[in-house]
Amino acid sequence: MIRPLALLTLMLFAHSSFAENLTILYTNDIESVYEPVASPWRDDMSAMGGMPHLSSLIKMHRAQHENTLLVDAGDMFTGSLSKATEGRLVFDLYSEMGYDVGNLGNHEFEYGWRILRDAMPRARFPILNANIFYENTDIPFAREYAIVKSGRYRVGVIGLMGIDAFHNTMMRSHRNGLEIRSPIEIAQSLADRLRPEVDFLIVLTHQNRTAPMQTNKESDPTVLRGFDEDYALAGKVRGIDLIVGGHSDHGLHAPVVHPETGTTIVMTFGQGMHLGRVTFDMSAEDGPRLQNGELIPVNADHLPPDPSITKLINNARAQHPALTRVVATLKRPALRLYNQESSLGSLLADALKQQAGVEVAMVPAGAIRADLQSGAITVEALLNVFPFTDQVTVVQLQGSALLKLLEKGVSLDYGLSQFSGVTLSYDSSQPVGQRIIDVSINDETLDLDRTYRFATGSFTATGGEGYDMFEDQGLEIKNTLVSDAFITVFEQWQTLSLPEKGRLQDIAL
Ligand SMILES: [Zn+2]
């Protein structure tokens, strides 16, 4: 028989040993992918992700682990329902899933910073950023940090965005009036300030190279973009226990520990296809010790959808019935590829070329945010592919400037830009700027002295993704949204067949 005191001691011991762990559950770059995504590259499940399924998985893990914290590293917005509700649905969903802290990504600025500022209080958790300021002031745009309690641990969380993410992946008009400062200096000063007050310090980042827009990226290491800026931050800033990275979607199946500082780095592949988990032992004298971590696939075949999340999404759909309209049907699925010509990219570029009445049209690979499944295409599905507020922009482009633009298109800095009206071969093994071997425009050799009518979206036309060759070319920004141009042309076409491949040939492959 165990005497009551011994039993109590045993219980206390058991409890304390269990309770000396801290588990962080994390996501990044879900980007409002609400439905499961078909996953033909996996043989263990037919579909992954879906926010209602992710929510069920989160709740299961919260029930299994004591002292948990749920965080997101940014890019919660995009997609048609996010846009229709100006981000309010997104904050409602993350609140319902139980997020403790979030970080601002570039996509949160997609409807302009004023709309974001007005929508942020909707979230029932702090949304952080410490290095974006109102221009020429020291007034931060968002809350710089939060201290949250998890069981008996006080956890400090700081939010940061990368310089490139701010300048090259956010439309200029959406960040006018704001400026960004070095994340490293700000992280160090906040870490110094918070460290004495907390047991554990997390930095949520939204930096590194921008993510590959390719659904099956977990199975295609050639498109992964690395996490150099997170690694540099981990090496330079003292006092951080954990960096949860966003923006590059460079999924890490096991946590990476910086050899000099001991800071742990974690990140998922994005789009809510995995839930990250990392656990630390908090009992050691010299500070938190990494125990283990993993990316848990969100198996949509087995996980039941969380009804509270499904209800929020369906309510939003019911309030925006225009999104359910069918615009066309597609015979075969149109899949995106980040570093190669894709049938979906060509289809969209063809539609833009027709609507704008130009000789050449371009759709950057980074703007293609989802695949199109075969069958009926609704407005919602099409806007999920291109959720942006870009306007159709026409430029009279000198042949020499067009060649420069095509070289930029095949630089692969932000994936391979997709074209209509262009046939070219290039060699991706050559240095950037010297890759194009042969170009023809609508079956005629490119004439460097001629002027071509060219169309793209206002994001790239005003310098997005480093397309800086339009500035002095006389932009004609139309009142038509690029997304409306796609809808109009798809409705005219009705039954869509995918363009044959062969427009953009990389001889290095
Ligand atoms: Zn991002």
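Colleague: Account for the pairing of strand 22 (residues 422-426), naming residues and giving values.
Modeller: In strand 22, alternate side chains face the same way, and those of Val422, Leu424 and Tyr426 are buried while those of Thr423 and Ser425 on the opposite face are not. One ladder, built from five bridges, connects strand 22 with strand 23 (residues 436-441); its direction is antiparallel. Across the sheet, the residue bridging to Leu424 is Val439, located in strand 23. Pairing between strand 22 and strand 28 (residues 504-506): three bridges, direction parallel. Counted as the bridge partner of Ser425 is Gln505 from strand 28.

Colleague: Could you give me a rundown of the sheet that holds strand 21 (residues 418-420), with the residues and numbers involved?
Modeller: Read across the open sheet, the five strands follow the order 21-18-25-20-26; overall the sheet is mixed. Looking at the sheet topology across the chains shown, the edges are occupied by strand 21 and strand 26 (475-481). Each strand of the sheet is rotated relative to its neighbour by a mean of 25 degrees, with strand direction disregarded. Two strands pair when backbone bridges link them, and strand 20 (residues 391-398) and strand 25 (residues 451-457) are joined in this way by seven bridges, in the antiparallel orientation. What sits directly across from Val392, in strand 25, is Gly457. Each of strand 18 (360-363), strand 20, strand 21 and strand 25 touches helix 13 (residues 399-409); the most contacted strand, strand 20, lies at about 125 degrees to it. Across the face of the sheet, helix 15 (residues 482-493) comes into contact with strand 20, strand 25 and strand 26 while running at roughly 60 degrees to strand 26.

Colleague: Can you explain the domain arrangement of the protein? Please cite residues and give values.
Modeller: Assigned domains of the protein: these are domain 1 (20-312) and domain 2 (325-506). Computed over C-alpha atoms only, the centres of domain 1 and domain 2 are separated by 30 Å. At the interface, 16 residues of domain 1 touch 23 residues of domain 2. Considered class by class, the residues forming the side of domain 1 that touches domain 2 number five nonpolar, seven polar and four charged.

Colleague: How would you explain helix 8 (residues 183-194) if you had to name every residue and give the values?
Modeller: Given a rise of 1.5 Å per residue, twelve residues ought to cover 16 Å, and the 16 Å separating the end C-alpha atoms of helix 8 matches this to within 8%. Those residues of helix 8 that fall on the buried side of the exposure criterion are Pro183, Ile186, Ala187, Leu190, Ala191 and Leu194. Each buried residue of helix 8 lies within a common arc of 130 degrees when the element is viewed along its axis, so the set occupies one face. Away from its buried face by more than 90 degrees, helix 8 exposes Glu185, Ser189 and Asp192. Buried residues belonging to helix 8 abut strand 8 (145-150), strand 9 (153-161), strand 11 (200-206) and helix 9 (228-236).

Cut-offs and rules
- Residues numbered from 1 in each chain as written.
- Predicted model: local features only at pLDDT ≥ 70, side-chain atom pairs only at ≥ 80, totals over all residues.
- Buried ≥ 20, exposed ≤ 12 C-beta atoms within 10 Å, placed from the backbone.
- Helix = DSSP H or I, 4+ residues; strand = E, 2+ residues; numbered from the N terminus.
- Pairing = 2+ DSSP bridges.
- Axes fitted to C-alpha atoms, helices over the stretch in contact; angles between N-to-C directions.
- Contact = placed C-beta atoms within 7 Å.
- Domains from an automatic or database assignment.
- Nonpolar A, V, L, I, M, F, W, Y, C, P; charged D, E, K, R; others polar.
- Expected span 1.5 Å × (residues − 1).
- Arc of directions from axis to C-beta.

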